[in-house]
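Observations on chain architecture
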Amino acid sequence: KKTYTASFKAQVVLELLKEIKTISQLSSEYGVHMTVLRDWKQAAILLVSISEAVFGRTFLASSHALGNFWTRQLAQGVAADPAGGATIGYLKAL
C-alpha cells in the first residue's frame, strides 16, 4: 500500500477543490488512484462541515471557495486549519 505525506495530500486536495482539472486528470498527474482522491476530497469537505457546526458559522459556500481558503492558508505558511490542525491530521490518517 502506498503512503503519502500530509503535505502531499494537502497539495492534491487543494487542486481537487479548485475544480479546474478533473479527478481523472489529477489522478494521472499525481499518480494517485481516483478513488483515493475522491476519499481525500470528501474528507476535506466533511471536516469543513464539522468545523462549521463546531464554530457556529459558515466558513465557505462551495468546494471552490474551500480551495481558495486553503490556498490562502498555505500561502501564508499556515499548515493547520482553524480547528487546530484536524484537516492535516485527518488526511495523514487516510
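Residues numbered from 1 in each chain as written. Predicted model: local features only at pLDDT ≥ 70, side-chain atom pairs only at ≥ 80, totals over all residues. Heavy atoms only, no water.

What to know about the packing of aromatic side chains
Tallying each qualifying case throughout the model produces four aromatic pairs. With a centroid separation of 5.3 Å and an interplanar angle of 15°, the aromatic rings of Tyr4 and Phe8 are classed as stacked. Classification of Tyr4 as partly exposed rests on a relative accessible area of 23%. Look at Tyr4 and Trp40: their rings are 5.3 Å apart centre to centre, the planes differ by 80°, and that puts the pair in the edge-to-face class. Of this pair, Tyr4 sits in the segment before helix H1 (6-18) while Trp40 sits in helix H3 (residues 34-55), and the two are 36 residues apart along the sequence. One aromatic cluster in this structure is built from Tyr4, Phe8, Tyr30 and Trp40. (Phe/Tyr/Trp six-rings, centres within 6.5 Å; stacked < 30°, edge-to-face > 60°. Buried < 20%, exposed > 50% of the residue type's maximum accessible area, 1.4 Å probe, protein only. Helix = DSSP H or I, 4+ residues; strand = E, 2+ residues; numbered from the N terminus.)

Remarks on the pattern of salt bridges
Taken as a whole and assessed by the stated rule, the structure comprises three salt bridges. Two residues, Lys18 and Glu15, come together in a salt bridge whose shortest N-O distance is 3.3 Å. Here Lys18 and its partner Glu15 are both found in helix H1, three residues apart, which amounts to about one turn of the helix. Of the charged contacts in the structure, one is a salt bridge between Lys21 and Glu29, with a shortest N-O distance of 2.6 Å. Judged by relative accessible area, which is 34%, Lys21 ranks as partly exposed. In this structure Glu29 comes out as partly exposed when scored by relative accessible area, which is 45%. (Salt bridge = Lys/Arg side-chain N within 4 Å of Asp/Glu carboxyl O.)

Comments concerning the environment of Glu29
Residue placement: Glu29 occurs in helix H2 (residues 23-30). Residues Glu29 and Val12 lie 17 residues apart in sequence; the distance between their C-alpha atoms is 9.9 Å. At 2.6 Å, the side chain of Glu29 forms a polar contact with the side chain of Lys21. (Polar contact = N/O pair within 3.5 Å; in protein donor to acceptor, adjacent residues only side chain to side chain.)

Description of the packing of H1 against H2
At a closest axis distance of 10 Å, the pairing of H1 and H2 adopts a crossing angle of 150°. By the angle class used here, H1 and H2 are roughly antiparallel. With respect to the hand of their crossing, H1 and H2 are arranged in right-handed fashion. Touching Phe8, Gln11, Val12, Glu15 and Leu16 of H1 are Ile23, Leu26 and Tyr30, all from H2. Across the contact of H1 with H2, the residue classes break down as six nonpolar, one polar and one charged. (Axes fitted to C-alpha atoms, helices over the stretch in contact; angles between N-to-C directions. Parallel < 35°, antiparallel > 145°, perpendicular 65-115°, else oblique. Left-handed = near helix turned anticlockwise from the far one by under 90°. Contact = heavy atoms within 4.5 Å. Nonpolar A, V, L, I, M, F, W, Y, C, P; charged D, E, K, R; others polar.)

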